[in-house]
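Structure assessment
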Amino acid sequence: MRQRHRTLRLLASLLLVTAVGASLTGATPAPPAATPLDRVIPAPASVAPGGSPYRITDRTRIRVDDSREARRIGGYLADVLRPSTGYRLPVTTHGDGGIRLRLAKGPYGDEGYRLDSGRGGVTVTAGRPAGLFHGVQTLRQLLPAAVEKDSVQPGPWLIAGGTVEDTPRYAWRGAMLDVSRHFFGVDEVKRYIDQLALYKFNKLHLHLSDDQGWRIAIDSWPRLATYGGSTEVGGGPGGYYTKADYKEIVRHAAARHLEVVPEIDMPGHTNAALASYAELNCDGVAPPLYTGTQVGFSSLCVPKEITYDFVDDVVRELAALTPGRYLHIGGDEAHSTPHADYVTFMDRAQATVAEYGKTVVGWHQLTGATPVRGAVAQYWGLDGTGAAEKEQVARAARNGTGIVLSPADRLYLDMKYDAGTPLGLSWAGYVEVRRSYDWDPGTYLPGVPASAIRGVEAPLWSETLENSGHIEYMAFPRLPGVAELGWSPAATHDWDRYKVRLAAQGPRWEALGIGYYRSPQVPWPAAG
Ligand code: ACM
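Worth saying up front: this structure is predicted, and the values here are computed from it rather than measured.

Attention now moves to the packing of aromatic side chains. Applying the stated criterion to the full structure yields 26 aromatic pairs. Consider the rings of tyrosine 417 and tyrosine 517, whose centres lie 3.9 Å apart with planes at 25°: the pair is stacked. One end of the pair, tyrosine 417, is in the loop between helix H11 (408–411) and helix H12 (433–437); the other, tyrosine 517, is in the segment after helix H16 (506–512), and 100 residues separate them in sequence. An aromatic cluster is defined as three or more aromatic residues linked by ring pairs; in this entry it consists of Tyr199, Phe476, Trp509, Tyr516 and Trp524. When the ring centre of tyrosine 227 is taken as origin, the NZ or CZ atom of arginine 223, which lies over that ring, is 4.5 Å away.

Put into structure tokens, the structure is as follows:
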């Protein structure tokens, strides 16, 4: 009873305050505004605001085409909206109005979509499921940040009126997670995938092997995982993915329209493998496991034939587990492999990848060997990297090698923001949010034809990172900027406008439980 009285008194005083406020300004209180259509990250290709907003209510249905993909995406949207709205939001193939998700022929491309919003409903139209899924992410970002919470919130749930027509600038919008230096469990990887999906990323590159740990079960060489995966940087317990674990990651990613790109780094960065099998070493002696952070000291034994039995088995088993088109073979920092051996090794490893039906990806040192037709080189140099190396990459690009841009002093998410950042490294310098965002992939590498640029990718190396909280502190707020570099037309790229849109994402991350770096370069709203 006392509780009820207090509540009534509180309600009465709230009404009074509202009424006084309204009479002082001589107006009724303004209804809460819907998020403007152009607030979305990555910036859409085209936005035409206008008309009344759509309001999601307890009567709203999610209407989908009668296809498995549309139903699945409808179910995904319902799973996002139900906990915070508290509404039933049935996913159905009939009725009218409400939220409509439709697949139709049109000028949408593989990943584009159109979103039309007005009083009567919101319709997302795409030619392919990936486009429909990306359109759903736009719809999600147009709703208030509280929609991301897992308990019922008051709303109202408005989506601004108008039309968004959107399609990505680049086909490769990737994020790499180093699960070798520290191991991250399946649930931690899934959590990162969910965050990537919100910003329309479409590649998850998993760095599955390095000196400090081998993280994927290979049946024909079981000690790689059971022994090579048994530690990590600092000497912790490490871990590895069983084949079932890996398939679960691939499934979770595919349901969010991300393609997994697995990497086995060779011929350097291989101490975990060399420690697991003495016969892979030129001297036949297995080195101890390694838990430090040096690079460049290990190499597979290029002259030994068993090395290629190993490569064949690993690539065959990994290719069989991976529905995606790509297999990354590393090739960076092979400082302990003589150059002629490096070229020999990369020739044979690339041929093996092709034999098992996958497209080769390598770090850009691959361009110092002979990239096979159709290969993709991932550039990780710096602004100040020597002209000769940049020219070597450009020459490969002119000869048909695709380029994914991951400049370390822009897109390495493990670089510290500034001298005070408690996590991360600084060998490529400090990378504040503006530095990460404020450049153009289309003109970054001189002499590279625009058609060779496949897109961008943000690597996250984990020497200093041990859990999801660490991942998120380094990825946010830089990750959405990488998404925008990969998705949005160059004409929309503008730091002063972007930082305002970025600031508006802060409450969304708070609602999602993401602890982010509150960069002084961004005008964040007060923490909630
Ligand atoms: C790299 O950072 N070694 C690719």
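With 18 residues, helix H2 (residues 68–85) ought to run about 26 Å at 1.5 Å a step, and its terminal C-alpha atoms sit 25 Å apart, in line with that. Ala70, Ile73, Gly74, Tyr76, Leu77, Ala78, Val80, Leu81, Ser84 and Thr85 are the residues of H2 that are buried. Looking at the residues trailing H2, positive phi occurs at glycine 86, about 75°.

Here we take up the sheet that holds strand S18 (residues 402–405). Hydrogen bonds along the backbone pair up the strands of a sheet, which may run parallel or antiparallel. On the basis of which strands lie adjacent, the closed barrel formed by eight strands has the order S10-S11-S14-S15-S16-S17-S18-S19 and parallel pairing. The mean angle between the axes of side-by-side strands here comes to 30°, regardless of whether they run parallel or antiparallel. Of the strands in this sheet, strand S14 (259–266) and strand S15 (326–330) touch helix H8 (residues 306–321), which is tilted by about 170° from S14.

The residues that UniProt annotates with the feature "domain: Beta-hexosaminidase bacterial type N-terminal" (unreviewed entry) are residues 39–166. Counted over residues 39–166, helix gives 25% and strand 30%. Its end C-alpha atoms are 14 Å apart.

For the coordinates displayed, the defined rule picks out one disulfide. The residue that forms a disulfide with cysteine 282 is cysteine 301, at a sulfur-sulfur distance of 2.0 Å. In this structure, the disulfide formed by cysteine 282 and cysteine 301 twists by about 95° around the S-S bond and is classed as right-handed. Placement of the pair is cysteine 282 in the loop between helix H7 (271–276) and H8 and cysteine 301 in the loop between H7 and H8, with a sequence separation of 19 residues. Judged by relative accessible area, which is 3%, cysteine 301 ranks as buried.

Before going further, it helps to examine the pairing of S14. Every other side chain in a regular strand lies on the same face of the sheet, so the side chains alternate between the two faces. Most of S14 sits inside the fold, with eight of its eight residues counted as buried. Burial along S14 is two-sided: the face carrying Glu259, Val261, Glu263 and Asp265 and the face carrying Val260, Pro262, Ile264 and Met266 are both buried. Direction of pairing for strand S11 (residues 203–207) relative to S14: parallel, over a ladder of five bridges. Across the sheet, residue lysine 203 finds its bridge partner in S14, namely glutamate 259.

Turning our eyes to something else, we now look at the side chain of glutamate 484. Take glutamate 484: it is sitting in helix H14 (residues 479–487). Judged by its relative accessible area of 0%, glutamate 484 is buried. In this structure the side chain of glutamate 484 is engaged in a polar contact, spanning 3.0 Å, whose partner is the backbone nitrogen of alanine 43. Sequence-distant contacts of glutamate 484, defined by excluding residues within four places in its chain, comprise Ile41, Pro42, Ala43, Tyr437, His493, Tyr498 and Arg501.

Remark: H14 packs on helix H15 (residues 495–503), axes separated minimally by 11 Å, with the N-to-C direction vectors making an angle of 130°. In this view, H14 runs oblique relative to H15, as classed from their interaxial angle. Note on packing geometry: the crossing formed by H14 with H15 is right-handed. Across the interface between the two elements, Pro480, Gly481 and Glu484 of H14 pack against Tyr498, Arg501 and Leu502 of H15. A per-class count over the contact of H14 with H15 returns three nonpolar, one polar and two charged.

Right, let's talk about the layout of surface pockets for a bit. In this model, the largest pocket occupies a volume close to 580 Å³. Around the largest pocket, the lining comprises 20 residues; the ones closest to its centre are Glu111, Asn202, Lys203, Glu259 and Arg325. Mapped by element, the contributors of at least two residues to the lining of the largest pocket are helix H3 (129–142), helix H6 (243–254) and S14. For the lining of the largest pocket, the class distribution of residues is 10 nonpolar, three polar and seven charged. Residue lining of the second largest pocket: 17 residues in total, with Val80, Arg140, Glu148, Asp194 and Leu512 positioned closest to the centre. At the level of secondary structure, the elements contributing two or more residues to the lining of the second largest pocket comprise H2, helix H4 (186–198) and H16. Of the residues contributing to the lining of the second largest pocket, the split by class is eight nonpolar, one polar and eight charged.

What follows deals with H4. Along its 13 residues, H4 runs 19 Å from first to last C-alpha, staying within 8% of the 18 Å computed at 1.5 Å per residue. If you check which residues of H4 are buried, you get Val186, Val189, Lys190, Tyr192, Ile193, Gln195, Leu196, Ala197 and Leu198. Following H4 by one or two positions, lysine 200 adopts a phi angle in the positive range, close to 65°.

The rules behind each value
Residues numbered from 1 in each chain as written. Predicted model: local features only at pLDDT ≥ 70, side-chain atom pairs only at ≥ 80, totals over all residues. Heavy atoms only, no water. Phe/Tyr/Trp six-rings, centres within 6.5 Å; stacked < 30°, edge-to-face > 60°. Helix = DSSP H or I, 4+ residues; strand = E, 2+ residues; numbered from the N terminus. Lys NZ or Arg CZ within 6 Å of the ring centre and 35° of its normal. Expected span 1.5 Å × (residues − 1). Buried < 20%, exposed > 50% of the residue type's maximum accessible area, 1.4 Å probe, protein only. Pairing = 2+ DSSP bridges. Axes fitted to C-alpha atoms, helices over the stretch in contact; angles between N-to-C directions. Contact = heavy atoms within 4.5 Å. UniProt positions renumbered as here; feature names shortened; annotations may be inferred. Disulfide = S-S within 2.5 Å. Polar contact = N/O pair within 3.5 Å; in protein donor to acceptor, adjacent residues only side chain to side chain. Parallel < 35°, antiparallel > 145°, perpendicular 65-115°, else oblique. Left-handed = near helix turned anticlockwise from the far one by under 90°. Nonpolar A, V, L, I, M, F, W, Y, C, P; charged D, E, K, R; others polar. 1 Å grid on protein atoms, 1.4 Å probe; cavity = no way out; pocket = protein on both sides within 12 Å on 5 of 7 lines; lining within 4 Å. Points joined across faces, edges and corners; volume = space filled by probe spheres on them.

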